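Now for the letters of each chain:
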Amino acid sequence: MIIFPAIDIKGGTCVRLFQGKFDTAEQVAESYMQTALGFKAAGCEWIHMVDLDGSLEGKRMNQAIYLDVAANSGLQVQLGGGIRTMDDIDFYLNNGVARVILGSVVVENPALVSEAIARYGAEKIAVGIDAKNGMVATRGWLDVNDIHYIDLAKQVATRGVRYIIYTDIAKDGMLAGPNLEQLCALQNAVDCNITASGGVTTIDDIHALRNAGLYGAICGRSIYAGTLDLAAAVRAGNA
């Protein structure tokens, strides 16, 4: 199981949110590059980055940061937030980002998912599905739709998607453990690689996710709060 340590960027600063609420942003690191290099030293091969400003504004922002990490950290960058056009996808994938995450646009322009996979292949494209009480939320988690997260997953799977990142928003940033029930239900519903996002807190969570057969686990606040030793998590994921 791949461990994806996370850096969220807002206003050029490394922050974390509680349940995706922008007014709860708190700085968690001084330097994005030093943080990324620390992840590399802990044995990580990937980093999960989110452009919070881009997610809210619906366009690319802070892009120099992500390209810098892709070029100079030795980590593969998985990036989401505000990627809503083919131009956005082209920009990042042609400038060193390893995988882009499509979120809101999956609901608003599903044909783009098929187009992106046709152009770059399924390895380069992930779909981020974020939900409140099982219902999909978009546009920085401000809009809750009337579509169930599993129904959306089934739809994108038919478009060739092989990587899904699932976030239970109620768990995000709360250090309360992931929603294993929803994650396992999703994994049983679609033939995709599922990455857990939100609530991963301790090494026991890593073991539980790995034992459930998940592809990946995104770790954010737990790393910064010290409840999860990243190097131990990488070892557990590889066990």
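In case you missed it, the structure is sitting above this.
Keep in mind that this is a model prediction, so the values were computed, not measured.

The rules behind the values
- Residues numbered from 1 in each chain as written.
- Predicted model: local features only at pLDDT ≥ 70, side-chain atom pairs only at ≥ 80, totals over all residues.
- Heavy atoms only, no water.
- Phe/Tyr/Trp six-rings, centres within 6.5 Å; stacked < 30°, edge-to-face > 60°.
- Helix = DSSP H or I, 4+ residues; strand = E, 2+ residues; numbered from the N terminus.
- Buried < 20%, exposed > 50% of the residue type's maximum accessible area, 1.4 Å probe, protein only.
- Lys NZ or Arg CZ within 6 Å of the ring centre and 35° of its normal.
- Salt bridge = Lys/Arg side-chain N within 4 Å of Asp/Glu carboxyl O.
- Core = buried A, V, L, I, M, F, W, Y, C linked by side-chain atoms within 4.5 Å.
- Contact = heavy atoms within 4.5 Å.
- Polar contact = N/O pair within 3.5 Å; in protein donor to acceptor, adjacent residues only side chain to side chain.
- Arc of directions from axis to C-beta.
- Pairing = 2+ DSSP bridges.

**Focus on the packing of aromatic side chains**
Piece 1. Summed over the entire model, instances satisfying the criterion amount to 6 aromatic pairs.
Piece 2. An angle of 65 degrees between the planes, with centres 5.2 Å apart, marks the rings of Y163 and Y215 as edge-to-face. Here Y163, found in strand 10 (residues 163–168), pairs with Y215, found in the loop between helix 9 (203–211) and strand 12 (216–219); they are 52 residues apart in sequence, far enough to count as distant. Here Y163 matches Y215 in class, with each residue buried.
Piece 3. By the ring-pair criterion, three or more aromatic residues cluster together here, those being F4, W46, Y163 and Y215.
Piece 4. The side chain of R60 reaches across the aromatic face of F91, ending 4.2 Å from its centre.
Piece 5. Directly above the ring of Y163 sits R99, whose terminal nitrogen or CZ lies 4.1 Å from the centroid.

**Topic: the pattern of salt bridges**
Piece 1. Within the structure shown, the criterion is met by 6 salt bridges.
Piece 2. Between R99 and E123 there is a salt bridge whose closest N-O contact spans 3.7 Å. Residue R99 is located in strand 6 (residues 99–102), and its partner E123 is located in the loop between helix 6 (111–120) and strand 7 (125–132); the two are separated by 24 residues in the primary sequence.
Piece 3. Of the charged contacts in the structure, one is a salt bridge between R119 and E115, with a shortest N-O distance of 3.8 Å. Of the two residues, R119 and E115 both sit in helix 6, 4 residues apart, roughly one turn of that helix.

**Some thoughts on the nonpolar core**
Note that soluble globular proteins tend to have their nonpolar side chains buried in a common cluster.
Piece 1. Formed by 67 residues in total, the largest nonpolar core has its most connected members in M49, I89, I164 and I206.
Piece 2. In contact with I89, not counting residues within four places along its chain, are I83, V100, L102, L112, A116, Y120 and I125.
Piece 3. Core analysis: the second largest hydrophobic core is formed by 10 residues, F4, A6, I101 and I218 among them.

**Notes on the environment of N62**
Piece 1. Tracing the backbone shows N62 in the loop between helix 2 (52–57) and helix 3 (63–72).
Piece 2. Owing to a relative accessible area of 19%, N62 belongs among the buried residues under this scheme.
Piece 3. Residues N62 and T13 lie 49 residues apart in sequence; the distance between their C-alpha atoms is 9.4 Å.
Piece 4. Here N62 is in contact with I9, G11, G12, D51 and D53, once residues within four sequence places are set aside.
Piece 5. Only 3.2 Å separates the side chain of N62 from the backbone nitrogen of G12, close enough to count as a polar contact.
Piece 6. Of note is the side chain of N62, whose polar atom sits 2.9 Å from the side chain of D53.

**Here we look at helix 9**
Piece 1. Along helix 9, the residues classified as buried are D205, I206 and L209. The buried residues of helix 9 all sit within an arc of 100 degrees when viewed along its axis, so they share a single face. The exposed residues of helix 9 that point more than 90 degrees off its buried face are D204 and N211.
Piece 2. Where helix 9 is buried, its residues contact strand 1 (2–10), helix 8 (180–189), strand 11 (193–197), strand 12 and helix 11 (230–238).
Piece 3. Within two residues after helix 9, G213 carries a phi angle of roughly 85 degrees, on the positive side.

**Notes on the pairing of strand 1**
Piece 1. Judged by how many residues are buried, strand 1 sits mostly within the fold: 7 of 9 residues are covered.
Piece 2. The pairing of strand 1 with strand 12 spans 4 bridges and is parallel. Within strand 12, the residue paired with I3 across the bridge is A217.
Piece 3. Of the pairings in the sheet, the one linking strand 1 to strand 4 (residues 46–51) comprises 4 bridges and is parallel in character. Paired with D8 across the bridge in strand 4 is V50.
Piece 4. When strand 1 meets strand 2 (residues 13–18), the two strands line up antiparallel, connected through 3 bridges. Bridge pairing in strand 2 places I9 opposite C14.
Piece 5. Turn length for the strand 1-strand 2 hairpin, with the two strands adjacent in sequence and antiparallel, is 2 residues, and the turn residue G11 shows positive phi of about 60 degrees.

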